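Each chain is listed here by its residues.
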There are 2 protein chains.
Amino acid sequence: MRALVIDDGKLRFEERSTPTPEADQVLVEVASAGLNRADIMQMRGMYPAPPGWPPDVPGLEFAGTVAAIGNGVKSLREGDRVFGIVGGGGHATQLITKEDLCSPVPGGLDMVVAGGVPEAFVTAHDALVTQGGLRPGQRVLIHGVGSGVGTAAVQVARLLGATTVGTSRTEAKLLRAAELGLHEGVIASETMADEIDEVDVVIDLIGGDYLATDVRVCRSRGRIIIVGLLAGANATLDMRTVLSKRLTIRGTTLRARPDYEKALAARAFEREVLPLLARGDARVVVDKVFMLDDANAAYEHMVTNEGYGKTIIECG
Amino acid sequence: MRALVIDDGKLRFEERSTPTPEADQVLVEVASAGLNRADIMQMRGMYPAPPGWPPDVPGLEFAGTVAAIGNGVKSLREGDRVFGIVGGGGHATQLITKEDLCSPVPGGLDMVVAGGVPEAFVTAHDALVTQGGLRPGQRVLIHGVGSGVGTAAVQVARLLGATTVGTSRTEAKLLRAAELGLHEGVIASETMADEIDEVDVVIDLIGGDYLATDVRVCRSRGRIIIVGLLAGANATLDMRTVLSKRLTIRGTTLRARPDYEKALAARAFEREVLPLLARGDARVVVDKVFMLDDANAAYEHMVTNEGYGKTIIECG
């Protein structure tokens, strides 16, 4: 198998022997794998892979075909089309994962596009519903609405019956988000809180000073779910408002979770998001697709923050 | 009836006509009522009473005897011994509350002592269990362990099967907390995080810089429940740790809740705390009892922060 390898802050390719799946493991012939900001951070040495996953091969999600199964695998067989989140190893022609971390790819979904689904949609659904408790009729604010997770969150929230408010730095991204069903778009600024009516849930992919806006625009018992820290990790928290509004602030990340929790998130995704994707009600917004051999260009593209939606690496 | 009244930042007494209970209302002959920091804040003009409660009579809890009932009251009758939290009005010889906000006072409990129960024990149980999700076997850190809520939280957490860690500014308060069952006592300092092993839940009555300690000592998926802000309302939040540990930070206050939520908290208190008080397994720690006519001295005493446990005003 051919794998993208992180070596001292740089990317190179390596030919490795194909591993054999054991017990509940599955060998997947990777068709495609999304690129995520965590991959960039890992390349820069700031985000090591969790134990039990390849320490030097990036790639936190995949879509592909089952090529071989371990003795304990019950529900999958060779040739099945699957996708899912992994702790690493996605940016390669083959990877080893576990049966419980795989979900079936809906029939109508292109396999290259499918590789951009899991991280964005599992993260968005988990943050909105499992962590944020979003209910029909509520209002949700999504910061970074043009990102992979942002474009997924807008669609999932709208299809759940919520009203969506989104922020982005550019008008162009807000217009594209409106095509996905975003109800209210706001250009990100220091004064954006003035333009946002009260919300029940915030999905914050930006962090930094945005936290002050989050606290201000939440209504009583609001939930602020911190998913990313593009604008920085430190912020001043106004605890008096947190207390008087009885707010909840929660940090979330998929990668750090043990596999059994990743499996739980995959089941919730299958129940509540997969039908939306299968019917075509929700779709992955594909920014650009790069071939595995052009992975360097893909990583460079992501760093610019100019993309809209998912950057995908075609591995097959 | 005789009522303590807040008038331009000062306390005075006023004779008022006794109100008549209507619908689900109950007139209570107040035996005693705890004094709380919120009363001090209200006196200083920083914490107005919620709508529907006396705007100028402090007192957020009471114990007393039902003196009259409205036509819609089903479960209480004249002469019943009750206690509960109220939105205000406790520091008077009589008050009007609602049936659903009253809980029965256990037979063995002295009525003067009983007035110090509701705010501390409802707040502690709600913060530990309902908001914090504390489970048997978990570790809980309680900042401000010598306060009314702190002394209640130590006992409730221990009786739930949790291991209790408490902080206080003085060794004397830690020794007294140990008598209540506190397992590990730590003198509050800037470096206290170094002395505290990982915890699952933090009950923070202090706020300010303590938040940094809370974030540091929480284990993965820990819950930080902010109940008070004695040390200030602003703090720098390390969101990277919040995210990587998947922490939850939640502000809570009883007073701002609508009556139906106060009633919910009262039912949870009846189910899980009242039996502990009835058996004598948990007890109110009484700091000082003042007569209603000496309310000024009681308020001055609370401001010193030198007390240990509840300051109670005897109204009957």
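Predicted model only: the values in this text are computed from it and were never measured.

Enquirer: Help me out: how do you make sense of the interface of chain A and chain B in this one?
Expert: The accessible area lost on association of the parts is a frequent measure of interface size. Contact with chain A, which involves 25 residues of that partner, is made by 25 residues of chain B. The set of elements that each furnish at least two residues to the side of chain A that touches chain B consists of strand S13 (234–238), helix H7 (239–244) and strand S14 (248–251) of chain A. Class assignment of the residues belonging to the side of chain A that touches chain B gives a composition of 12 nonpolar, 8 polar and 5 charged.

Enquirer: What is the right way to look at the pairing of strand S4 (residues 61–69) of chain A in this model?
Expert: In summary, the side chains of a regular strand alternate between the two faces of the sheet. In this sheet, S4(A) lies alongside strand S3 (residues 25–35) of chain A in antiparallel orientation, the contact comprising 6 bridges. Across the sheet, residue Val26(A) finds its bridge partner in S4(A), namely Ile69(A).

Enquirer: Looking at this model, I keep getting lost on the domain arrangement of chain A. Mind explaining?
Expert: Residues and elements named next belong to chain A. For chain A, the domain assignment lists domain 1 (2–117 + 255–314) and domain 2 (120–251). For domain 1 and domain 2, the distance between their C-alpha centres works out to 26 Å. Domain 1 puts 19 residues into the contact, and the matching count from domain 2 is 17 residues. No other element matches the 5 residues that helix H8 (residues 259–272) contributes to the side of domain 1 that touches domain 2. Across the side of domain 1 that touches domain 2, the residue classes tally to 12 nonpolar, 3 polar and 4 charged.

Enquirer: It is not clear to me how helix H3 (residues 118–131) of chain B should be interpreted in this structure. Could you clarify?
Expert: Because an α-helix packs 3.6 residues into every turn, residues spaced three or four apart end up facing the same way. Where burial is concerned, most of H3(B) is hidden: 13 out of the 14 residues are buried. Gly133(B) sits one or two residues past H3(B) and shows a positive phi near 60 degrees.

Enquirer: Whenever I open this one, the relation of the copies chain A and chain B confuses me. Can you help?
Expert: In summary, the two copies of the chain are related to each other by a rotation about an axis coupled with a shift along it. Rotating chain A by 180 degrees and moving it 0.0 Å along the rotation axis overlays it on chain B with an RMSD of 0.0 Å. Here the copies are linked by what is in effect a two-fold axis. Taken together, the interface assignments show that 100% of the residues at the interface of chain A recur at the interface of chain B, consistent with an identical surface on both copies.

Parameters at a glance
- Residues numbered from 1 in each chain as written.
- Chains lettered and ligands numbered in written order.
- Predicted model: local features only at pLDDT ≥ 70, side-chain atom pairs only at ≥ 80, totals over all residues.
- Contact = placed C-beta atoms within 7 Å.
- Helix = DSSP H or I, 4+ residues; strand = E, 2+ residues; numbered from the N terminus.
- Nonpolar A, V, L, I, M, F, W, Y, C, P; charged D, E, K, R; others polar.
- Pairing = 2+ DSSP bridges.
- Domains from an automatic or database assignment.
- Buried ≥ 20, exposed ≤ 12 C-beta atoms within 10 Å, placed from the backbone.
- Least-squares fit on C-alpha atoms with pLDDT ≥ 70 in both.

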